[in-house]
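# An overview of the molecular structure
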Amino acid sequence: MSDIHTIEPQPIPKHKMAFLMDWLITLKCNYDCGYCGPGVNGFQPGHDNSIPHPDADVCEKMLSQGFEYVDAYMEKKRPNMRALNLNIYGGEALYRGDIEYLMDRSSELYAKYKDRWSLQRILTTNASSDLEKWKNVTDHVEYVQFSFHTDGPPKLQDNFFRTIEYHHSTKK
């Protein structure tokens, strides 16, 4: 018989074990990739262009409540382990017309917690938005995860490469 009662991850001292929070801000997407399923309404990963984006105030409230929960959770963590990774995604997060506003609000909502725990925002995107939107959004994210779609139309692939070049040239 084993004497093991609890198994917990052992953090490597130089690395934080962050809390992960997903912020699904839309199911809409500007692509219709063959590998992407019918979305959460079909109980599969993917997108659903038949329903509107959630209202911005609903997204803000969800994030605000999430930050409150994370703050309560972080009180129980050792100070060097107080970190949140916020995964921002959708269908395609940048497809929202008000994404710049929501990203700005994420910075404003986090401001009251910044002395208690760290925040790393990770935007998952197909990088097909215009550069002006990209420039505004990157002021509010620490990391970006790009997905490249070989079955997308040439215009969207061109937008992807233009965004990558901008990202590389600015180090944002």
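Preceding this section is the structure that the text describes.
Now for a look at the structure at hand. (Residues numbered from 1 in each chain as written. Predicted model: local features only at pLDDT ≥ 70, side-chain atom pairs only at ≥ 80, totals over all residues. Heavy atoms only, no water.)

Pairing between side chains becomes possible if they bear opposite charge and their charged atoms approach one another. Under the criterion given, the structure shown has five salt bridges. One salt bridge in this structure joins Asp71 and Arg116, with 2.9 Å as the shortest N-O distance. Taken together, the positions of Asp71 in helix 1 (residues 56–74) and Arg116 in the loop between helix 2 (99–110) and strand 3 (118–125) put the pair 45 residues apart, joining distant regions of the chain. With relative accessibility at 12%, the residue Asp71 sits in the buried group. Residue Arg105 is joined to Glu108 by a salt bridge in which the shortest nitrogen-to-oxygen separation is 2.5 Å. One end of the pair, Arg105, and the other, Glu108, are both in helix 2, three residues apart, so they sit about a helical turn from each other. Given the relative accessible area of 42%, Glu108 is considered partly exposed. (Salt bridge = Lys/Arg side-chain N within 4 Å of Asp/Glu carboxyl O. Helix = DSSP H or I, 4+ residues; strand = E, 2+ residues; numbered from the N terminus. Buried < 20%, exposed > 50% of the residue type's maximum accessible area, 1.4 Å probe, protein only.)

The next point concerns the pairing of strand 2 (residues 83–90). Among the eight residues in strand 2, six count as buried, and that is most of the element. Across seven bridges, the pairing between strand 1 (residues 19–26) and strand 2 is parallel. The residue of strand 2 that forms the bridge with Leu24 is Tyr89. Pairing of strand 2 with strand 3 involves six bridges; the strand directions are parallel. By the bridge assignment, Leu84 is partnered in strand 3 with Leu119. Since strand 2 and strand 3 lie parallel, the crossover through helix 2 that links them has a hand, and here it is right-handed. (Pairing = 2+ DSSP bridges. Right-handed = clockwise from strand over helix to strand, strands pointing away.)

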